[in-house]
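Commentary on secondary and tertiary structure
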Amino acid sequence: MARLAVVIASLSLGLILCPMPWMFLGLGAGIFAMFAGWLTFRERALSGAARLFGAGAASVGLLAVTLGSVRLGLSIAAAARLAELVS
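Once that is clear, we can look at the overall build of the protein chain. A tally of regular secondary structure across the protein chain gives three helices and zero strands. For the protein chain, whose C-alpha radius of gyration is 16 Å, the value lies well above the compact-globule estimate of 12 Å for 87 residues. In terms of principal-axis extent, the alpha carbons of the protein chain reach across some 60 × 15 × 15 Å. Residues classed as buried in the protein chain amount to 28% of the 87 residues present. A separation threshold of at least 6 residues defines the contact pool for the protein chain, and within that pool the share at least 24 residues apart is 66%.

Below is the structure:
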């Protein structure tokens, strides 16, 4: 589960940089990576390396969601500014 969480977190970070329809898939994958990483980190029966992978996946997923949210907010602000200029 730890390796899967890391792969999904890396995929979500890559999808955030893609054009707009793929960015939403990246946001969803980032949320899933945060959840899977957190669950992996909290599992005490796993080895230390697996728990570190889980913490890393949660961190990268959080970074992807933050970057995607900022990008979406800036796009909305730019569209509102352009609407003001046109009217």
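Moving on, there is more to tell.
In this section: the packing of aromatic side chains. In total, this model carries one aromatic pair according to the counting rule given. With a centroid separation of 6.0 Å and 40° between ring planes, the pair formed by W38 and F41 is classed as tilted. Taken together, the positions of W38 and F41, both in helix α2 (residues 20-42) and three residues apart, correspond to about one turn of that helix. Positioned above the aromatic ring of F41, the side-chain terminus of R51 is 5.0 Å from the ring centre.

Before going further, it helps to spend a moment on the pattern of salt bridges. Pairing is possible between side chains that carry opposite charge, provided their charged atoms lie close to one another. Taken as a whole and judged by the stated rule, the model has one salt bridge. Put simply, E84 and R81 hold a salt bridge, and the shortest N to O gap is 3.4 Å. Note that E84 and R81 are positioned in helix α3 (residues 48-86) at a spacing of three residues, about one turn of the helix. For E84, a relative accessible area of 53% corresponds to the exposed category.

Structurally, T40 can be placed in helix α2. The exposure class assigned to T40 is buried, which follows from its relative accessible area of 3%. The residues contacting T40, other than those within four sequence positions of it, are M1, A2, L46, A50, R51 and G54.

Okay, the nonpolar core next. The nonpolar side chains of soluble globular proteins are, as a tendency, buried together. Counting seven residues, the largest nonpolar core consists of A5, I8, A9, A29, A33, A36 and A57. Where this core is concerned, the elements lending two or more residues are α1 (2-16) and α2. Residues within four places of A36 in sequence aside, it is in contact with M1 and A5. In terms of nonpolar packing, the next biggest core, distinct from the first, is built from five residues, I16, M23, A64 and V65 among them.

Examined against the element boundaries, S12 turns out to sit in helix α1. Setting aside anything within four residues of it in sequence, one finds S12 in contact with G26, A29, G30 and A64.

Definitions and cut-offs
Residues numbered from 1 in each chain as written. Predicted model: local features only at pLDDT ≥ 70, side-chain atom pairs only at ≥ 80, totals over all residues. Heavy atoms only, no water. Helix = DSSP H or I, 4+ residues; strand = E, 2+ residues; numbered from the N terminus. Rg over C-alpha atoms; globule rule 2.2 N^0.38 Å. Buried < 20%, exposed > 50% of the residue type's maximum accessible area, 1.4 Å probe, protein only. Contact = heavy atoms within 4.5 Å. Phe/Tyr/Trp six-rings, centres within 6.5 Å; stacked < 30°, edge-to-face > 60°. Lys NZ or Arg CZ within 6 Å of the ring centre and 35° of its normal. Salt bridge = Lys/Arg side-chain N within 4 Å of Asp/Glu carboxyl O. Core = buried A, V, L, I, M, F, W, Y, C linked by side-chain atoms within 4.5 Å.

These values are about where atoms sit, not about what they do.
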